[in-house]
Amino acid sequence: MSSSNESASISLHGKTYRLPKRPTVVVCVDGFDPEYLQAGVEDGILPTMASFLQSGFHATADCAMPSLTNPNNMCIITGVPTSFHGISGNFYLDKETGKEHMILDDSTMRGTTILAQLADAGVRVAAITAKDKLRRIIQHGLSPEKGAICFSAQCANECKDSEHGISDVEQWLGQSAPSQYSGELSLFVLDAGLKLLQEGRADVFYLTLSDYIQHKYAPRSREANNFMQAIDTRLGEFVKLGAVVAVTGDHGMSDKAGADGKPNVLFLGDFLDSKWPSSHAKVICPITDPFVKHHGALGGFVRVHLTDTSVVDDMLAACRALPEVETALTGEEAAAMYEMPLDREGDIVVISKENFAVGSKREEHDLSQLEGHRLRSHGGLSEQQIPLLRSTPLASKDAALDSKKWRNFDIFDLALNY
């Protein structure tokens, strides 16, 4: 990178980001509940991240609501809550057409991203995702013409120079594209980032992983330990190559099963239909995505759309009285409280307690795919906390930082400005 980068910067949503002086790697560990970090450091199996805690920077931050993958990845690469970029779920109901949609590309997002702005400023950006549905969103404003590389581990065998800025990825990396239902999918992302750094092909990296392991395995389980150790080893390699490394998560993860191992689920659609059959309540589970095998489209946050809004107050009172519910709000209240786009909100928002999941109707969720594993999921307030780490200490001695309420979408600010 040229010396001119040292004083140059970009601005987005009222925030300024300095161009990098050295390679900068931002990693989003999907489902990075603080318990994984705490257990791994206590047990001595995460030496790289332990060194970040000891001689770099560490805080426990909050993610954006709902605590889901698409909204929070977009918050991370825009530096702001979902009310700015408009993506507040993986799945939504279009209120104008009444049709349900999966978010699989950037067509519903508003504005641009930090990555796109950096690329426009001449910074070579590499953005690698585990799943291709997220790559299609994150690639907004990134193109090979701008020197950007953007691809997914899931579709690594389909990469083209003209679209992704790279081709023949499997041969180049010496690895086949892993199964979408595997921890290897995430490790492929990190290995590809490492090779690009070794070859000096990018200045800023955004590497975002998959939460397949965290959905299935609790902290201190053998599988979770092996996965977190593998991530930690690769983070150490980035540090050895001279990069500033910043790590956060898109959301946490909670056990949502009972002592008998069966899922604790409130099927809200069935409940509302039983009490208000004429309201035609449509319960939308924004956690829904093409990869539901590990969570059955059950999370901690749902939106309710009504044809008859005269029953809202009665519904809210009934929902708040349910033992599984943490809070129930009008769409307006939820949008204001959690900084979500009001025009894309439901009439009612229901958020479950930590050890419960909330879904639509029983018939709409295939729990057989959990394959004997306990239900672990996210989406609610109880999955907001995630770690925020940097490999190097902050240069700034601003006392205000000691009391700052950190968010996961402060990660590029943390990586580039301090």
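Treat the numbers as computed from the prediction; the structure is a model and nothing was measured. (Residues numbered from 1 in each chain as written. Predicted model: local features only at pLDDT ≥ 70, side-chain atom pairs only at ≥ 80, totals over all residues. Heavy atoms only, no water.)

A. Region of interest: the packing of aromatic side chains. Summed over all chains, the structure comprises four aromatic pairs. Seen in terms of ring centroids, tyrosine 181 and tyrosine 212 are 5.9 Å apart; in terms of plane orientation they differ by 55 degrees. Their pairing is tilted. Of this pair, tyrosine 181 sits in the loop between α8 (169–173) and α9 (184–198) while tyrosine 212 is found in helix α10 (residues 212–216), placing the two residues 31 residues apart along the sequence. Linked through ring pairs, Phe57, Trp406 and Tyr418 together constitute an aromatic cluster. For the cation-ring pair, lysine 275 lies above tryptophan 276, with the distance from its terminal atom to the ring centre recorded as 5.7 Å. One cation-aromatic arrangement involves lysine 404 over tryptophan 406; the distance from NZ or CZ to the ring centre is 4.9 Å. (Phe/Tyr/Trp six-rings, centres within 6.5 Å; stacked < 30°, edge-to-face > 60°. Helix = DSSP H or I, 4+ residues; strand = E, 2+ residues; numbered from the N terminus. Lys NZ or Arg CZ within 6 Å of the ring centre and 35° of its normal.)

B. Broad picture of the pairing of strand β14 (residues 301–305). Of all five residues making up β14, five are buried, and the element is well covered by its neighbours. Alternating positions in β14 separate into two faces, Phe301, Arg303 and His305 on one and Val302 and Val304 on the other, with burial throughout. The sheet contact formed by strand β13 (residues 282–284) and β14 spans three bridges and is antiparallel. If you follow isoleucine 284 over to β14, its bridge partner there is arginine 303. (Buried < 20%, exposed > 50% of the residue type's maximum accessible area, 1.4 Å probe, protein only. Pairing = 2+ DSSP bridges.)

C. Representation of the side chain of asparagine 417 in the model. With respect to the element layout, asparagine 417 can be found in helix α15 (residues 411–417). Judged by its relative accessible area of 14%, asparagine 417 is buried. Looking at asparagine 417, its side chain comes within polar contact range of the main-chain nitrogen of arginine 18, at 2.9 Å. Polar contacts involving the side chain of asparagine 417 include one to the side chain of aspartate 413, which spans 2.6 Å. Non-local contacts of asparagine 417, meaning those with residues more than four positions away in its chain, are made with Thr16, Tyr17, Arg18 and Phe412. (Polar contact = N/O pair within 3.5 Å; in protein donor to acceptor, adjacent residues only side chain to side chain. Contact = heavy atoms within 4.5 Å.)

D. Spatial organisation of the environment of glycine 236. With respect to the helices and strands, the residue glycine 236 is situated in helix α11 (residues 222–240). You can call glycine 236 buried: its relative accessible area is 11%. Note: C-alpha distance between glycine 236 and proline 47 (189 residues apart in sequence) is 8.4 Å.

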